[in-house]
Amino acid sequence: MSSSPPGAARRPPRTAGRGLLIVISGPSGVGKDTLIKRLLELDPNLRYSTSYTTRRPRPGEVDGVNYLFVSRDEFERLIKEGAFLEYATYDGNLYGTPIAQLDAVRAAGHDIVLKIDVQGAEQVRKRASDALRIFLAPPSMDELVRRRTERHSENERDQAARQAIANREMELASHFDHVVVNDDLERAVGEVLASIQQARQRQT
Ligand code: 5GP
């Protein structure tokens, strides 16, 4: 499934030569990491925006690769400095997109992918109206629960909290430029690449 809201065609044209800002959002467990990993493998012009977070690293996560892991004090200092394009609280932790890295990558002509929650995507819509915003949806809510349980990365309390957030996030899917159902990874990746290609063509 793919849908475009009526206002999408009226958005300002993107500046030629500058890379696209691509937001991938969607509920926890839907498969954003796997999809983005595959996008980066297939499209050499794409770069990934590494976010700051106050969440603790999960086993196997690497500082500077998965996230820049910082204390709450450090995060608050960065907010005051104006270092973030957007930031949001998700399940008690802060997450934010640093502007400096993003601007440098786009100025060099590369497209940059942000993996952010729905609140963050809403802020990007207001601050960067030329962003391409994609919502990744699960085939069903039962499937979402199954995928997250299989991941074993959260305890039961966190699982329940993330499910409650997911229910609210699903209601906002229609605010995005495209909704892509992650029923089959390669098919979903193809659909996202096609919408990136379309956005590049609008830019030229
Ligand atoms: P997780 O803890 O599972 O890595 O991420 C929790 C949620 O925070 C996910 O929906 C993820 O997309 C979102 N997230 C990650 N980085 C950022 C960010 O920089 N800004 C915002 N607003 N959300 C983020």
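First, a word on what this report is: a plain description of the structure on this page.

Cut-off values and rules
- Residues numbered from 1 in each chain as written.
- Predicted model: local features only at pLDDT ≥ 70, side-chain atom pairs only at ≥ 80, totals over all residues.
- Heavy atoms only, no water.
- Pairing = 2+ DSSP bridges.
- Helix = DSSP H or I, 4+ residues; strand = E, 2+ residues; numbered from the N terminus.
- Axes fitted to C-alpha atoms, helices over the stretch in contact; angles between N-to-C directions.
- Contact = heavy atoms within 4.5 Å.
- Buried < 20%, exposed > 50% of the residue type's maximum accessible area, 1.4 Å probe, protein only.
- Salt bridge = Lys/Arg side-chain N within 4 Å of Asp/Glu carboxyl O.
- Core = buried A, V, L, I, M, F, W, Y, C linked by side-chain atoms within 4.5 Å.
- Near = heavy atom within 4 Å.
- Polar contact = N/O pair within 3.5 Å; in protein donor to acceptor, adjacent residues only side chain to side chain.
- Areas by Shrake-Rupley, 256 points an atom, 1.4 Å probe, with all protein chains shown as cover.
- Nonpolar A, V, L, I, M, F, W, Y, C, P; charged D, E, K, R; others polar.

Read across the open sheet, the 5 strands follow the order β2-β7-β1-β8-β9; overall the sheet is parallel. Each of the sheet's edge strands pairs with one partner strand only, and the pair in question is β2 (46-48) and β9 (178-181). The average angle at which neighbouring strand axes cross in this sheet is 25°, direction not considered. Across the sheet, helix α3 (residues 99-107) lies against β1 (21-25), β2 and β7 (111-115), angled at about 150° from β7, the strand it touches most. Contacts from helix α4 (residues 118-127) reach β1, β7 and β8 (132-137), with the element oriented near 155° to β1.

To continue, consider the environment of Q203. Checked against the element boundaries, Q203 lands in helix α7 (residues 185-203). What makes Q203 buried here is its relative accessible area of 12%. For the pair Q203 and G17, spaced 186 residues apart in the sequence, the C-alpha separation amounts to 8.3 Å.

The next point concerns the pattern of salt bridges. The tally for this structure, following the rule as stated, stands at 18 salt bridges. Note that D130 is salt-bridged to R106, the shortest N-O span being 3.2 Å. Here the residue D130 occupies a position in the loop between α4 and β8, and R106 occupies one in helix α3, the gap between them amounting to 24 residues. On the basis of relative accessible area, R106 is assigned to the buried category, the value being 6%. One salt bridge connects E143 with R147, and the closest N-O pair in it is separated by 2.9 Å.

Quick look at the nonpolar core now. Counting 20 residues, the largest nonpolar core has I22, I24, L35, L39, I134, V192 and I196 as its most contacted members. Elements with a contribution of two residues or more to this core: β1, α1 (32-42), β8 and α7. Per element, the largest residue contribution to this core is 5 residues, and it comes from α7. Other than its neighbours up to four places away in sequence, V192 contacts I24, L35, L39, I134 and V180. Judged by nonpolar contacts, the second largest core, of 18 residues, contains L114, V118, A131 and F176.

Ordered by their spatial adjacency, 4 strands build an open sheet running β4-β3-β6-β5, and the pairing between neighbours is mixed. Across the chains shown, the open sheet's two edge strands, defined by having one partner strand only, are β4 (68-69) and β5 (84-90). Judged from the 2 bridges that link them, strand β3 (residues 52-53) and strand β6 (residues 93-98) form a sheet pairing that is antiparallel. Counterpart to T53 in the pairing with β6 is Y95.

This part takes up the site of the ligand. Around the ligand, the structure places 16 residues, and the nearest of them are S51, R55, Y67, E86 and Y95. Within the side chain of E86, a nitrogen or oxygen atom sits 2.8 Å from a nitrogen atom of the ligand. Side-chain polar atom of T97 to an oxygen atom of the ligand: 3.4 Å apart, as the coordinates give it. In isolation the ligand exposes 510 Å². Once the protein is present, 97% of that is buried. Elements with a contribution of two residues or more to the shell around the ligand: β5 and β6. The residue inventory of the shell around the ligand, partitioned by class, reads 5 nonpolar, 4 polar and 7 charged.

Bringing the environment of G120 into the picture now. Looking at the element boundaries, G120 is found in helix α4. Here G120 falls in the buried class, since its relative accessible area comes to 0%. Sequence separation of G120 and R38 is 82 residues, and the distance between their C-alpha atoms is 23 Å. Setting aside residues no more than four positions away along its own chain, G120 makes contact with E86 and A88.

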